[in-house]
Amino acid sequence: MVSIVIVSHSQKIAEGVKELAKQMAPEVSIEAAGGTCDGRLGTDIEKIISAIEKVYSDDGVLILFDLGSAFMNTEIALEMLPEEMRAKVEIIDLPLVEGAISASVECTVGRNLKEIKDNLKNMAMGKIM
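Below: a short report on this structure.

Definitions and cut-offs
- Residues numbered from 1 in each chain as written.
- Predicted model: local features only at pLDDT ≥ 70, side-chain atom pairs only at ≥ 80, totals over all residues.
- Heavy atoms only, no water.
- Helix = DSSP H or I, 4+ residues; strand = E, 2+ residues; numbered from the N terminus.
- Rg over C-alpha atoms; globule rule 2.2 N^0.38 Å.
- Buried < 20%, exposed > 50% of the residue type's maximum accessible area, 1.4 Å probe, protein only.
- Areas by Shrake-Rupley, 256 points an atom, 1.4 Å probe, with all protein chains shown as cover.
- Lys, Arg positive; Asp, Glu negative; His and termini not counted.
- Charge placed at Lys NZ, Arg CZ, Asp CG, Glu CD.
- Patch = residues over 30% accessible without salt bridge, like charges linked within 9 Å, V, L, I, M, F, W, Y side chains within 5 Å.
- Salt bridge = Lys/Arg side-chain N within 4 Å of Asp/Glu carboxyl O.
- Axes fitted to C-alpha atoms, helices over the stretch in contact; angles between N-to-C directions.
- Parallel < 35°, antiparallel > 145°, perpendicular 65-115°, else oblique.
- Left-handed = near helix turned anticlockwise from the far one by under 90°.
- Contact = heavy atoms within 4.5 Å.
- Nonpolar A, V, L, I, M, F, W, Y, C, P; charged D, E, K, R; others polar.
- Core = buried A, V, L, I, M, F, W, Y, C linked by side-chain atoms within 4.5 Å.

**Let's talk about the overall build of the protein**
Logical step 1: If you tally the helices and strands in the protein, you get six helices and four strands.
Logical step 2: Along its sequence from the N terminus, the protein presents helices and strands in the succession β-α-β-α-β-α-α-β-α-α.
Logical step 3: The globule rule puts the C-alpha radius of gyration for 129 residues at 14 Å, and the 13 Å found for the protein is close to it.
Logical step 4: When its C-alpha atoms are laid out on the principal axes, the protein stretches across 35 × 30 × 30 Å.
Logical step 5: Per-residue burial for the protein yields a buried fraction of 47% across its 129 residues.
Logical step 6: As displayed, the protein offers around 6500 Å² of accessible surface, 54% of which is attributable to carbon and sulfur atoms.
Logical step 7: Side chains of the protein give 13 positive and 21 negative charges; the mean places of these two sets differ by 2 Å.

**Digging into a nonpolar patch on the surface**
Logical step 1: Taken together, the side chains of Met72, Ile76 and Met80 make up a nonpolar region of the molecular surface, amounting to roughly 280 Å² of accessible area.
Logical step 2: Along the chain, Ile76 falls in helix α3 (residues 68-80).
Logical step 3: Using a relative accessible area of 31% as the deciding quantity, one classes Ile76 as partly exposed.

**A look at the packing of helix α5 (residues 96-108) against helix α6 (residues 113-120)**
Logical step 1: The geometry of α5 relative to α6 is characterised by a closest axis approach of 10 Å and an angle of 140° between their N-to-C directions. Here α6 runs oblique to α5, going by the angle between their axes. Crossing handedness for the pair α5 and α6: right-handed. Between α5 and α6, the contacting residues are Ser102, Ala103, Glu106 and Cys107 on the first element and Ile116, Asn119 and Leu120 on the second.
Logical step 2: In terms of residue class, the contact of α5 with α6 is made up of four nonpolar, two polar and one charged.

**Some details on the nonpolar core**
Logical step 1: With 21 residues, the main nonpolar core has Ile4, Ile6, Leu62 and Leu64 as its most contacted residues.
Logical step 2: For this core, the elements supplying multiple residues, two or more each, are β1 (3-8), α1 (11-24), β2 (30-34), β3 (61-65), α5 and α6.
Logical step 3: Per-element accounting of this core gives the leading share, four residues, to α5.
Logical step 4: Excluding residues within four positions of it along the chain, Ile6 makes contact with Ala14, Val17, Ile30, Glu31, Ala32, Ala33, Leu64, Leu96 and Ala100.
Logical step 5: If you look at the next biggest cluster of nonpolar residues, it comprises 19 residues, including Ala70, Leu78, Met85 and Val89.

**Looking at the pattern of salt bridges**
Logical step 1: This model, assessed by the stated rule, comprises six salt bridges.
Logical step 2: A salt bridge links Arg111 to Glu106; the shortest N-O distance between them is 3.0 Å.
Logical step 3: Overall, Glu106 belongs to the buried group, its relative accessible area being 14%.
Logical step 4: Close ionic contact of Lys114 with Asp118 constitutes a salt bridge, the shortest N to O distance being 2.7 Å. Of this pair, Lys114 and Asp118 are both found in helix α6, four residues apart, which corresponds to roughly one turn of the helix.

Here is the structure:
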């Protein structure tokens with residue numbers, strides 16, 4: 001089953017989005033990567049990598065993010081992953097809350113990364129240029 005990582009500048013927001021998505025799809029592996037390692041607002045590359053590693057499966061990982069620098073740090077985190085892992089991790093352009101819930105439901109019905117991205121593309125917000 002495809003899993004999900006939530007990247008936010010706020011640990012509380014990341015954990016809250018995870019909590020909502022888990023209510024809709026408790027069987028999906030979801031990890032929150034919010035805030036910096038010292039508890040401030042921001043994103044942390046090491047937290048993102050750790051979250052990916054915790055939920056990683058050969059089915060793949062979808063990453064949702066809140067703001068521009070979260071996207072940038074997620075891209076850097078992906079570059080630091082081994083090639084075979086990186087090939088199965090995708091960043092998706094969705095609103096954080098609604099996107100996480102919709103993506104988690106898509107994961108539960110056994111869709112692959114491409115199918116999930118295709119099914120949710122109408123929700124894209126244009127955050128990835």
